[in-house]
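# A closer look at the structure
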Amino acid sequence: MKINEKEVKASKKAKATVYMTEDDETLLNEIFIKRIRDRRKTDKSALLCEGIRLLYEKEIGASNG
């Protein structure tokens, strides 16, 4: 299952609370800052969604192929 960026933007959004360690939050912030410096508009929710899709492809997508 491959989802393109336009489909993600058009999708209905669900609200969720995420609990993470301070180390994980630091990693997320570093990625966020890098994207801002690279002039790639993003937000932390988009980064988390991207991470979920990548993990899905790694864990499930590879076994369906």
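For the structure itself, consult the block above.
Conventions used here
- Residues numbered from 1 in each chain as written.
- Predicted model: local features only at pLDDT ≥ 70, side-chain atom pairs only at ≥ 80, totals over all residues.
- Heavy atoms only, no water.
- Patch = residues over 30% accessible without salt bridge, like charges linked within 9 Å, V, L, I, M, F, W, Y side chains within 5 Å.
- Areas by Shrake-Rupley, 256 points an atom, 1.4 Å probe, with all protein chains shown as cover.
- Salt bridge = Lys/Arg side-chain N within 4 Å of Asp/Glu carboxyl O.
- Helix = DSSP H or I, 4+ residues; strand = E, 2+ residues; numbered from the N terminus.
- Lys, Arg positive; Asp, Glu negative; His and termini not counted.
- Charge placed at Lys NZ, Arg CZ, Asp CG, Glu CD.
- Buried < 20%, exposed > 50% of the residue type's maximum accessible area, 1.4 Å probe, protein only.
- Phe/Tyr/Trp six-rings, centres within 6.5 Å; stacked < 30°, edge-to-face > 60°.
- Lys NZ or Arg CZ within 6 Å of the ring centre and 35° of its normal.
- Contact = heavy atoms within 4.5 Å.
- Expected span 1.5 Å × (residues − 1).

As a further point, take a nonpolar patch on the surface. Together, Val18, Met20 and Leu48 make up an exposed nonpolar region whose accessible area comes to about 230 Å². Locating Val18 in the fold gives a position in the loop between helix H1 (5-10) and helix H2 (22-37).

Below, the discussion takes up a negative patch on the surface. A grouping of Glu22, Asp23, Asp24 and Glu25 is seen on the molecular surface, where their side chains present a negatively charged patch. The residue Asp24 is located in helix H2 in this model. Judged by relative accessible area, Asp24 falls into the partly exposed class, the value being 40%.

With that settled, the discussion passes to the packing of aromatic side chains. Considering all chains together, one arrives at zero aromatic pairs under this definition. Sitting above the plane of the Phe32 ring, Lys44 keeps its charged end 5.5 Å from the centroid.

Another aspect to go through is unusual backbone geometry. Even without being glycine, Arg39 reaches a positive phi, approximately 60 degrees. Relative to the elements of secondary structure, Arg39 occurs in the loop between H2 and helix H3 (44-61). On the accessibility criterion, Arg39 (78% relative accessible area) is exposed.

This paragraph deals with the side chain of Thr42. Mapped onto the fold, Thr42 is located in the loop between H2 and H3. Not counting residues within four places of it along the chain, the set of residues in contact with Thr42 comprises Phe32, Arg35, Ile36 and Leu47.

The next subject is H2. Helical periodicity: at 3.6 residues per turn, an α-helix aligns residues three or four positions apart in one direction. Taking 1.5 Å of rise per residue, the 16 residues of H2 would be expected to cover 22 Å, and the 22 Å separating its terminal C-alpha atoms lies within 8% of that figure. In the segment just after H2, Arg39 is the residue with positive phi, at about 60 degrees.

To continue, consider the environment of Leu48. Checked against the element boundaries, Leu48 lands in helix H3. Judged by its relative accessible area of 33%, Leu48 falls in the partly exposed class. Separated by 30 residues in the primary sequence, Leu48 and Val18 have C-alpha atoms spaced 9.7 Å apart. Not counting residues up to four positions away in its chain, the partners in contact with Leu48 are Val18, Met20 and Leu28.

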